[in-house]
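Below are the chains, spelled out letter by letter.
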Amino acid sequence: MSLKTDKINQRIQDIQQFAAVRSERSSVFSAVYNELEKTSELLNEGKLVLHIVSEDPTLAVALQNLYKAHKTLPDLYKFQITALPSKPQIGEFDVLCIVVDAGQILPDTIKRVLEKASQIPMLKLLMVIDMLSSDPDNQRRVQTAISEVDSWLSNQNPIAPHEITALLLLPFYPDSLREKVEVNFQKDLDKFCLSLEVLVKGKVEDILIKQATAQLLAQLAQIKTVFNQEEAELKVRLQEEERKLQGTGGIGGLKKDIEKAFKKADMDRADFFKRAKEKSSSIKRILSNESDTRSLKYEIKQLADDLRVDSKNKGKYTTVSLQLPDGRSCHEMLISHCRNSLSEFANDTWKRLCNSSNEGGMVNLAQRMSQTLSIVPSLYLPKPLFQPDQTFDIQRYFQSTSKTEFDWKSRYKRESFGSFLIKEIRSNIMIATSFFMLFAGTATVLTSSSVDKTPPTGIFDLKIAKAGLTAFILPFIVGITYSTYRQNVSEKQEDASEKLRSIGCKHYQAIAIDYVDNVVDFTNKKLDAEEQKIRDILEEAREKFITYTGEAENRIINYKAQLSNLNTEKTKLDSFERL
């Protein structure tokens, strides 16, 4: 084996190793490895391929026996046989020998083989016609057959140099008993074999090296096609990634834009909920101001003022109560009013916070945030970014708490008229005494002035005067005192009812304020929950952006690295071509 053969063998091994480590990238690399393995085997075997094709297996074997009987041809050629039509496909070869019967020169199967063979590089095409015998008629048939074949071949696409010859193959049939060949036929056989010997003698290694080189270059071209496809795909992917970042100033610019967008979104979030909580706190100011007709304290006072006063006397005591005209529970009415009024007010406030307050509520905030964060169209974010929870079930929150019921009754000891009368007489006894003395003095003067004119038994007897006075004054005093007593009873009852009304009103106003605190607390908790939800969504979106930019950056780096590696591989591949 020459140095040239060693060199080409080494190059084949280098390319095989190059293909083997890349076999997972494409099936082409495995195919290249296998093809080069065949090439190496042929090169190391040191023989050319002579392919025999015939419809008659006996003729094919006879021609092979002829070749093998020659002293030099077996050293120059490796023989292969294809018997038609069982094996219509033929592989690569250097010399193609078609063996036919003189009786059927060009059947369709042979024509199809010749058409395919015209596309395969070869050294020579041999058409061998079996003569069968030396009979003159047979000789004429053979010559006619040679003319027909030559005419047909001349009209086909260019085929390698061809030779048409007639040989007596009978002595080489399998199990043939004929051992001796006539001299003139033997000359034809020798001439035929000599032509094959001369065709390649001294050239086999060069032919094999040339064929191996051509095969090597063909396989390198296959690998180069794969590399070119990979390069084109990588460039498309790189361009696509860069197109996505177009107008962002690359990864660095995109990261700045993302940070700026999230900063704005977070500021919008903070500003909205700051103002929303201020609005929530204003609820207490509105609902707790008794002078404000919108306030709950004002409404409770109005309801308390509308309660009807009822009083009942029992023994020495009077019970004053405040009642609803229809007899319903005052406690339930006031608690229900507080809850319903606050529920309606709070629900309305929450709806405004969701849909209209602070430049369109949370709904508009979500849309603004979506717009702010739409800096990477290819990155999916829900639109709107979030949906606020528009339910506000404060009633369930109310029902979880109970409030102390106020007893709208007041009981006090009632003063009897007799006691009141005695007390009144005692408190006014000086007035009564003065009145009596005045009356008695007047009576005495009148009596004295009549001493001389009238007998001692005059009309104004002092005792009679006193009795008359008592009979006249006492009923008058009792009547006035009773009237005063009735007025006093009424005023005491009114004082008791107003005191009761005032205490009850304050009791339920305190409950109302407690409920207002509950509403404010509940509203703030809902706002906190919504704000936390937005924070979580923004954080999740930020993670998506970080992941996106990180992956985009890694893809770009990876694509560029793959292109760089591919260029290195192509350079290595080019070095294989320099034999």
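Just so we're clear, the structure is a prediction, and the values are computed from it rather than from any experiment.

A. How the structure looks around the nonpolar core. Core analysis: the largest hydrophobic core is formed by 145 residues, its most contacted members being Leu63, Tyr67, Tyr77, Ile98 and Ile129. The contact partners of Tyr77, leaving out residues within four places of it in the chain, are Lys47, Leu48, Leu50, Val95, Leu196, Leu199 and Val200.

B. Layout of the packing of aromatic side chains. All told, the structure shown has 11 aromatic pairs when counted by the stated rule. With a centroid separation of 5.9 Å and 10° between ring planes, the pair formed by Trp408 and Tyr508 is classed as stacked. One end of the pair, Trp408, is in the loop between helix H13 (394-399) and strand S8 (409-413); the other, Tyr508, is in helix H16 (residues 462-577), with 100 residues separating them in the sequence. Here Trp408 and Tyr508 have matching classes, each one buried.

C. Examining helix H2 (residues 27-45) more closely. Between the first and last C-alpha of H2 there are 27 Å, a value that for 19 residues agrees with the 27 Å anticipated at 1.5 Å per step. Of the positions making up H2, those classed as buried are Phe29, Val32, Leu36, Thr39, Ser40 and Leu43. Seen end-on, H2 carries its buried residues on one side only, within an arc spanning 105°. If you follow the buried residues of H2, they end up packed against helix H1 (3-20) and helix H8 (204-244). At the exit of H2 stands Gly46, carrying a positive phi of roughly 75°.

D. Structural detail: a negative patch on the surface. A cluster of acidic side chains, namely Glu55, Asp56, Asp101 and Asp108, defines a negative patch on the protein surface. Here Asp101 shows up in strand S3 (residues 95-101).

What counts, and where the lines are drawn
- Residues numbered from 1 in each chain as written.
- Predicted model: local features only at pLDDT ≥ 70, side-chain atom pairs only at ≥ 80, totals over all residues.
- Heavy atoms only, no water.
- Core = buried A, V, L, I, M, F, W, Y, C linked by side-chain atoms within 4.5 Å.
- Buried < 20%, exposed > 50% of the residue type's maximum accessible area, 1.4 Å probe, protein only.
- Contact = heavy atoms within 4.5 Å.
- Phe/Tyr/Trp six-rings, centres within 6.5 Å; stacked < 30°, edge-to-face > 60°.
- Helix = DSSP H or I, 4+ residues; strand = E, 2+ residues; numbered from the N terminus.
- Expected span 1.5 Å × (residues − 1).
- Arc of directions from axis to C-beta.
- Patch = residues over 30% accessible without salt bridge, like charges linked within 9 Å, V, L, I, M, F, W, Y side chains within 5 Å.
- Areas by Shrake-Rupley, 256 points an atom, 1.4 Å probe, with all protein chains shown as cover.
- Salt bridge = Lys/Arg side-chain N within 4 Å of Asp/Glu carboxyl O.
- Lys, Arg positive; Asp, Glu negative; His and termini not counted.
- Charge placed at Lys NZ, Arg CZ, Asp CG, Glu CD.

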